[in-house]
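Notes for the structure review
Residue strings, one per chain:
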Amino acid sequence: MQAITVNDRDAGTAGLSLTDLPYPHAAENDVVVRVHAAGFTPGELDWPATWTDRAGRDRTPSVPGHEVSGVVVGLGYGTTGLSIGQRVFGLTDWARNGTLAEYVAVEARNLAPLPADIDHTVAAALPISGLTAWQGLFDHGRLTAGQTVLIHGAAGGVGSLAVQLAREAGARVIGTGRAKDRERAVGLGVHTFLDLEAEKLQDAGEVDLVFDVIGGEILDRSAALVRAGGTLVTIAEPPRIRPQDGRAVFFVVEPDRARLADLAQRVRDGRLTPVVGTVRPLAEAPAAFTERTPGKTIIRVADDRTGDPS
């Protein structure tokens, strides 16, 4: 099969290449998925799990990408809950070969059934961004109706979904970004938008929850905005400065089949809209790692109708 692989950690994105790899083996409780669409995180070439397995052994050539939407074509021993020919989407293991390939082996528990009326391109934009948004707001941030949440990067992949979920939960939403993001963020439902390049962060006032995806100075300065009993949640890095009388949480997104199914239902109902940006074929995935476009970049691997590589 064809896949995007990396061999040299020092090469960065220049080391990404389209190569031939063996068809993946379905281990116990795995399925093999014919990839129709895949998502990736630009920074994952810096993750240790991209280069070594859980025992610390070199696992190159490795395949990046950890969001998948496709069709089950193989079952491992003992696999239950999914069947051959079933449309699925989900999050793959950080320390195994990923989704920028024609086929990928995935633990069945990390995948959810994909309804027929959701396009693979849309579904591939949901797993990391959608689960991160939900877990950050509700599992870690404990957001409830009537509270105020400040969401950094409100027009981005995670932020755009967080805005929609928080708004539906009955929260007051303040979004941040650049001037060019204002219109999109307002359209998604923010009550107030702050241009971080032209406006003062402290103008946001006190909030019950800060959801940060940026890190650095913005994360440091955000701690002072959290009111007593509130929470600072970030996916960027462990916070250096904590709220004076509140909680600080750094987390990495975890697979959750039930929540994926819930997010898919919200998409079907029109209550949640992933912001899909550029869609590129597999051969152009290396170039996609270096571009910065609004929304989530998706790699289309197979045609939805024929299943043939595009």
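Coordinates for the structure precede this section.
The notes below deal with the structure included here.

Conventions adopted
- Residues numbered from 1 in each chain as written.
- Predicted model: local features only at pLDDT ≥ 70, side-chain atom pairs only at ≥ 80, totals over all residues.
- Heavy atoms only, no water.
- Core = buried A, V, L, I, M, F, W, Y, C linked by side-chain atoms within 4.5 Å.
- Buried < 20%, exposed > 50% of the residue type's maximum accessible area, 1.4 Å probe, protein only.
- Helix = DSSP H or I, 4+ residues; strand = E, 2+ residues; numbered from the N terminus.
- Contact = heavy atoms within 4.5 Å.
- Phe/Tyr/Trp six-rings, centres within 6.5 Å; stacked < 30°, edge-to-face > 60°.
- Lys NZ or Arg CZ within 6 Å of the ring centre and 35° of its normal.
- Polar contact = N/O pair within 3.5 Å; in protein donor to acceptor, adjacent residues only side chain to side chain.

1. Here we look at the nonpolar core
For soluble globular proteins, nonpolar side chains are generally found buried alongside one another. In terms of nonpolar packing, the biggest core is built from 41 residues, with Leu137 and Val149 touching the most fellow members. Contributions of two or more residues to this core are made by strand E5 (87–91), helix H2 (127–140), strand E8 (148–151), helix H3 (157–168), helix H4 (182–188), strand E11 (207–212) and helix H6 (257–268). Each residue touching valine 149, except ones within four places of it in the same chain, is listed here: Leu137, Leu143, Ala166, Ala171, Arg172, Val173, Ile174 and Leu209. Ranked by size, the runner-up nonpolar core spans 29 residues in total, among them Leu45, Val104, Leu111 and Val301.

2. Observations concerning the packing of aromatic side chains
Applying the stated criterion across every chain, the model contains 4 aromatic pairs. With a centroid separation of 4.3 Å and 20° between ring planes, the pair formed by phenylalanine 40 and phenylalanine 289 is classed as stacked. Of this pair, phenylalanine 40 sits in the loop between strand E3 (30–39) and strand E4 (67–75) while phenylalanine 289 sits in the loop between helix H7 (285–288) and strand E15 (296–300); the two residues are 249 residues apart in sequence, bridging distant segments of the chain. Neither residue differs from the other here; phenylalanine 40 and phenylalanine 289 are each classed as buried. Positioned over the ring face of tryptophan 134 is arginine 259, at 3.8 Å from the centre of the ring.

3. Side note on the environment of threonine 132
Positionally, threonine 132 belongs in helix H2. Spatially, the C-alpha atom of threonine 132 lies 8.3 Å from that of isoleucine 235, the residues being 103 residues apart in sequence. Discounting residues that sit within four places of it in the chain, threonine 132 has contacts with Pro127, Val158, Phe211, Ile235, Phe251 and Val253. Among the polar contacts listed, one links the side chain of threonine 132 to the backbone oxygen of isoleucine 128, at a separation of 2.6 Å.

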